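Fold and contact review
Next come the chains, spelled out residue by residue.
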Amino acid sequence: MVYFLLNLKFIQLSEPFKIFEFDFWKRPDSHGEMQLCIKATNDGQVHAVVSWWILQLDREGTIFYSTAPRWSSLQINKSDEDWCDHWKQCVWFVPGKGIPISNNQEVHLNAVHDETSISYNLKTESRTQVRMHGVKGGDFPLMLSPERVAIYGDSEWRSLMLIALRNALKGRVHPLCVVADDSVFLTLLLAHLSETSNVISLFPGLRAKGAQYLQDVADANGFSMDRVQVLEKKQSLLSMLDTHHKKVDLLIGEPFYCGTEGILPWQNLRFWKERTLLSSVLSEDVLILPCKGILKACAVSLPDLWKSRRCLDKIEGFDHSVVNTTLGACGELPAPQEGYCLPYFVWQSGKYKKLSSAFTVMEFDCSKPICPSSGRTQVKFVEPGICHGFALWIDWVMDSENSIVLSTGPDERYWKQGVKLLANPVAVGIPGSSSPSECHQALIEASFEPSNGELVIRHVFL
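Residues numbered from 1 in each chain as written. Predicted model: local features only at pLDDT ≥ 70, side-chain atom pairs only at ≥ 80, totals over all residues. Heavy atoms only, no water.

**Here we look at the overall build of the chain**
Looking only at helices and strands, the chain features 7 helices and 28 strands. For the C-alpha atoms alone, the extent of the chain along its principal axes is close to 65 × 65 × 40 Å. The buried share of the chain, taken over its 462 residues, is 44%. The contacts in the chain between residues at least 6 apart in sequence include a share of 71% that link residues at least 24 apart. (Helix = DSSP H or I, 4+ residues; strand = E, 2+ residues; numbered from the N terminus. Buried < 20%, exposed > 50% of the residue type's maximum accessible area, 1.4 Å probe, protein only. Contact = heavy atoms within 4.5 Å.)

**Here's the deal with the domain arrangement of the chain**
Interfaces are often sized by the amount of accessible area the parts lose when they come together. Each domain of the chain was delimited in the assignment, giving domain 1 (32-124), domain 2 (146-289) and domain 3 (292-461). Distance from the C-alpha centre of domain 2 to the C-alpha centre of domain 3: 31 Å. Taken together, the contact between domain 2 and domain 3 spans 29 residues of the former and 32 residues of the latter. A buried area of about 2,600 Å², summed over both sides, lies between domain 2 and domain 3, and 76% of it is on carbon and sulfur atoms. If you sort the residues of domain 2 by the area they bury against domain 3, Trp266, Leu269 and Trp272 come out on top, with a joint share of 30%. In this structure, the connection of domain 2 to domain 3 is made through 6 residue pairs in polar contact (both at pLDDT 80 or more). Of all the secondary-structure elements, those providing two or more residues to the side of domain 2 that touches domain 3 are helix H1 (146-152), helix H2 (155-169), helix H5 (270-277) and strand E16 (282-289). (Domains from an automatic or database assignment. Buried area = accessible area lost by both parts, 1.4 Å probe. Polar contact = N/O pair within 3.5 Å; in protein donor to acceptor, adjacent residues only side chain to side chain.)

**Considerations on the packing of aromatic side chains**
Tallied over the full model, the rule gives 12 aromatic pairs. Note on phenylalanine 22 and tryptophan 53: the rings are 6.0 Å apart at their centroids and 55° apart in plane angle, and the pair reads as tilted. Note that phenylalanine 22 is positioned in the loop between strand E1 (2-3) and strand E2 (32-39) and tryptophan 53 in the loop between strand E4 (48-51) and strand E5 (54-56), a separation of 31 residues in sequence. Here the aromatic residues Phe20, Phe22 and Trp53 are joined through ring pairs into a cluster of three or more. Cation over ring: arginine 413 sits above tryptophan 347, and NZ or CZ is 4.2 Å from the ring centre. (Phe/Tyr/Trp six-rings, centres within 6.5 Å; stacked < 30°, edge-to-face > 60°. Lys NZ or Arg CZ within 6 Å of the ring centre and 35° of its normal.)

**Quick notes on the sheet that holds E16**
Ordered by their spatial adjacency, 5 strands build an open sheet running E14-E13-E12-E15-E16, and the pairing between neighbours is parallel. The sheet is open, and its two borders are formed by strand E14 (228-230) and E16, each paired with just one other strand. Taken pair by pair, the neighbouring strands of this sheet meet at an average axis angle of 20°, ignoring direction. Pairing of strand E15 (residues 248-252) with E16, which is carried by 4 bridges, proceeds in the parallel orientation. Within E16, the residue paired with isoleucine 252 across the bridge is leucine 289. Sheet contacts for H5: E15 and E16; angle to E16, the most-contacted strand, approximately 170°. (Pairing = 2+ DSSP bridges. Axes fitted to C-alpha atoms, helices over the stretch in contact; angles between N-to-C directions.)

**Some remarks on the pattern of salt bridges**
Scanning all chains against the criterion turns up 7 salt bridges. The partner of lysine 18 in a salt bridge is glutamate 21, and the shortest N-O contact between them spans 3.0 Å. Note on glutamate 21: relative accessible area 64%, which makes it exposed. As a salt-bridge pair, arginine 376 and glutamate 445 come within 3.4 Å of each other at their nearest N and O atoms. On the criterion of sequence distance, the pair formed by arginine 376 in strand E23 (residues 373-380) and glutamate 445 in strand E27 (residues 441-449) is long-range, its members being 69 residues apart. Arginine 376 gets classed as exposed once you look at its relative accessible area, which sits at 58%. (Salt bridge = Lys/Arg side-chain N within 4 Å of Asp/Glu carboxyl O.)

Right, dumping it as structure tokens:
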């Protein structure tokens, strides 16, 4: 599997070592095998083998490019910037609880590759042996994105979800709970927290794979799936027959829809739409989580991203302007055209600086049926600089008291934000600065149309 190995809690148990070398000047071998003896540099438990690429870019061997994580002692790219943090590394997990190892103890690694995969065989001096097979899509009933796996592994996120669900279930006897999205996590958590609950999961994207995963987890942990049901049907077709003539007491979602991790943040308002389609089976005192979504934004300086999205004109005498729409060009668009909102991990977009505090643009009340929404706000800049656009995201409120909020903003690296790039960058300054060419405020207006799920954003600098 592929992960960002940034701020995860881990112990590096060895120095980096070379496994395979592939010479692109000749046809690569379709099979290769390597025996390595690795000396441990720490005490710990071997849970995984992490690998990455080092690319030689010239024939003389003087220019190298590495996809190593920042914490690696073998750094090739010498830079003070965060630009290389977006590289992912490959992680092969050791089955079970791993292999215990002591400092200076040797681990014998046998690595084998074919045309498409690599497999490992680990063995310590104590003869503990673990075979690790190449990872292929058909080997697992459920494949989630690295970001989703990281979210489920985040203790703070899990803790907030746990508190929200415990509060929601408090005082409810034999509740009927519906998971409206693809959250296997919430399905299992509901079944665990309330032994008297009945859980219906819709799994619109996972479908049978989600049901199989739940069964595998139940079998591995020795609990019954009698109170959990997966319905593979559209929300608009869900009836009282499906709920055994019982109204829904708790409707919940993360929200997360499998295969849509690359979409704009507000497209997860699909949960709000599906809540509306389920209105006929909801009880009068139904509790809906998230209770609401808050569209947040901040002004940002993103010079590298803006340059990468500039319009193409004539290059070496060839007119490339026809591809601007196809590529989603934003910078230097001819008036009155405006660029699209594009989904990005802001922290991966090169140089990045917040020029304003985060501000609320509008709110979406999920306790009521979906409806058109609009918002307007005026923002003051708190840092001088060049504004290239606005980053937008949704904070999900998981309780009626607004005390449990799950943010998907730029500071949270697992989620993409919507980025609205300006046609031309604007110099901004803080109120009281003397430069007449700087703007000190901006007026932001936004409107959401549920019929097509589109969010329209307008801005004026003051």
